[in-house]
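# Structure assessment
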Amino acid sequence: MKNRLVCLLAFFVFASLLSGTAGAQPPKLAATPPMGWNSWNHFAGKIDDATVRVQTDAMVSNGMRDAGYIYINIDDTWQGERDAQGIIHSNSKFPDMKALADYVHSKGLKLGIYSSPGLKTCAKYEGSYGHEDQDAKTYADWGIDYLKYDLCSFRDMMKQADSPESAHKMMVDAYIKMRDALLKTGRPIVYSLCQYGNDAVWRWGVSVGGNLWRTTGDISDRYARMAEIGFSQAGIAKYAGPGHWNDPDMLEVGNGGMNAEEYRTHMSLWAILAAPLLAGNDLSTMTPETISLLTNKEVVAIDQDKAGIQGDRVSAEGPMEIWMRPLADGSKAVALFNRHAQPMDMHVDFQQLGFKSKMKMRDVWAGKDIEVTNGQYEARVPGHGVVLLRVSK
Ligand code: GLA
């Protein structure tokens, strides 16, 4: 009897191990597009320890952390000299990187950092070339959770290659080298590739370990540039998914160069694209409007939808574009974008989009339910603006 009980017990332990119920799996890195803040767009070379702490505090007090923004990412210009052993040290703007990481972690947030596979970063600071293992270990020792790895001066080395194919291989190898270095540390560190979309990175970013990869050159705080980048993402949705995302660059919301309609377009398009949401403004001086743009729950929920299916363009009539993103609960996010400077009347035939004539619909930015009984929807969309809908059967 006792033997049979022991056998039974052993069987259940074995079965539960097999089915994975014995212990929950740790959540995968970047299971949804990373959310947080990055220093570059607003502070560029002026970023320092004190400013990072102020941003960290602001992210907690203004509700962004609770809305899902987790990463505090230091971009270029933190790097100092290497010592005799080749170990990188931060410069005088960052007196103690480990203490800073401890501070960020104490607020329930994570810390990101930046480097380049080249000898120099884009702002001409020390890159990781020849020191990949050492640098990854240093980051892990400090408690870093995210690395943006920016091609920059590595392009000069690629120019020495004897063919485009071998230049491509040099770049791929450089990204693999840092991936392996990060893995060796044993610390989960989100790996963000930045090489401006060269060589159609979306096709191979996942194979070099990227959790996200920049698909474009740099954004700027102007509607024309944001729209050029965002709307150029048509056709690459299939390359994104949980753990590996297309990254059309950081947000400019709140930096002042676009009006509220344009920033709503920016947020809506990035949510449809399942893009990382990395705020690029000064979090300590936000207007209530900027806070509401960045933390709108229903917009963030679309971006962070757990199915992780990136949306795509379904139609374009001149400047009027309709984009759609399938969501985990069977509903769809549908965005009506007007790229013209003047208002336009836009029309959606939901039957053509696969819906029946009756459906439930919500205007996300207005926070209002809409009644549709004939499958047709008309809206006047402001210049450079958007109507973002969440539609279910
Ligand atoms: C490149 C990147 C930017 C930023 C700067 C920093 O331009 O694309 O996002 O990191 O370098 O020098």
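Sequence order as written defines the numbering, with residues in each chain counted from 1. Selection of residues for local features in this predicted model requires a pLDDT of at least 70, selection of side-chain atom pairs for listing and counting requires 80 or more, and totals for whole chains, interfaces and linings are taken over all residues. Note that water and hydrogens are dropped before the side-chain values are worked out from all heavy atoms of the structure.

### A word on the nonpolar core
In this text, buried Ala, Val, Leu, Ile, Met, Phe, Trp, Tyr and Cys residues form a nonpolar core when linked through side-chain atoms within 4.5 Å. Partly exposed residues are those whose accessible area sits between 20% and 50% of the maximum for their type, while under 20% is buried and over 50% is exposed, using a 1.4 Å probe and protein chains only. Counting residues in each nonpolar core, the largest one holds 88 residues, and the members touching the most others are Trp 78, Leu 147, Met 178, Met 267, Trp 270 and Leu 294. At eight residues, the largest contribution of residues to this core is made by helix α8 (residues 164-185). Core analysis: the next-biggest nonpolar cluster, separate from the first, contains 19 residues, Met 346, Phe 350, Leu 353 and Leu 389 among them. The helix count covers DSSP runs of H or I at least four residues long, the strand count covers runs of E at least two residues long, and both are numbered beginning at the N terminus.

### Things to note about the sheet that holds strand β12 (residues 320-326)
In space, the six strands of this open sheet follow the order β11-β12-β13-β18-β15-β16, with antiparallel pairing throughout. Each edge of the open sheet carries a strand with a single partner, namely β11 (312-317) and β16 (368-372). With direction set aside, neighbouring strand axes in the sheet form an average angle of 25°. Think of it this way: DSSP has to see at least two bridges between two strands before they count as a pair. Pairing of β11 with β12 involves five bridges; the strand directions are antiparallel. Across the sheet, Asp 312 pairs through a bridge with Met 324, a residue of β12. Only heavy atoms enter the contact rule, under which two residues are in contact if any of them lie within 4.5 Å. Under this scheme, a helix contributes an axis fitted over its contacting stretch, all axes are lines through C-alpha atoms, and angles between N-to-C directions fall in the 0 to 180 degree range. Contacting β11, β12 and β13 (332-338), helix α9 (residues 223-231) runs over the sheet at an angle of about 50° to β12.

### Considerations on the site of the ligand
Being near a molecule or strand, for a residue, comes down to having at least one heavy atom within 4 Å of it. If you check the shell around the ligand, you find 13 residues, and the closest are Asp 75, Asp 76, Lys 148, Asp 150 and Asp 218. Side-chain atoms alone can form a polar contact between residues adjacent in sequence; in general such a contact is a pair of N or O atoms within 3.5 Å, and within protein one must be able to donate a hydrogen while the other accepts it. Asp 75 has a polar side-chain atom sitting 2.6 Å from an oxygen atom of the ligand. Taking Asp 150, its side chain carries an N or O atom lying 3.0 Å from an oxygen atom of the ligand. Protein burial of the ligand: of its 310 Å² of free accessible surface, 92% is covered by the chains. Only Asp, Glu, Lys and Arg are considered charged in this grouping, and only Ala, Val, Leu, Ile, Met, Phe, Trp, Tyr, Cys and Pro are considered nonpolar; every other residue, Gly among them, is considered polar. Here the residues of the shell around the ligand are counted per class, giving seven nonpolar, no polar and six charged. Accessible surface area values rest on a Shrake-Rupley calculation with a 1.4 Å probe, where residue burial reflects the displayed protein chains alone.

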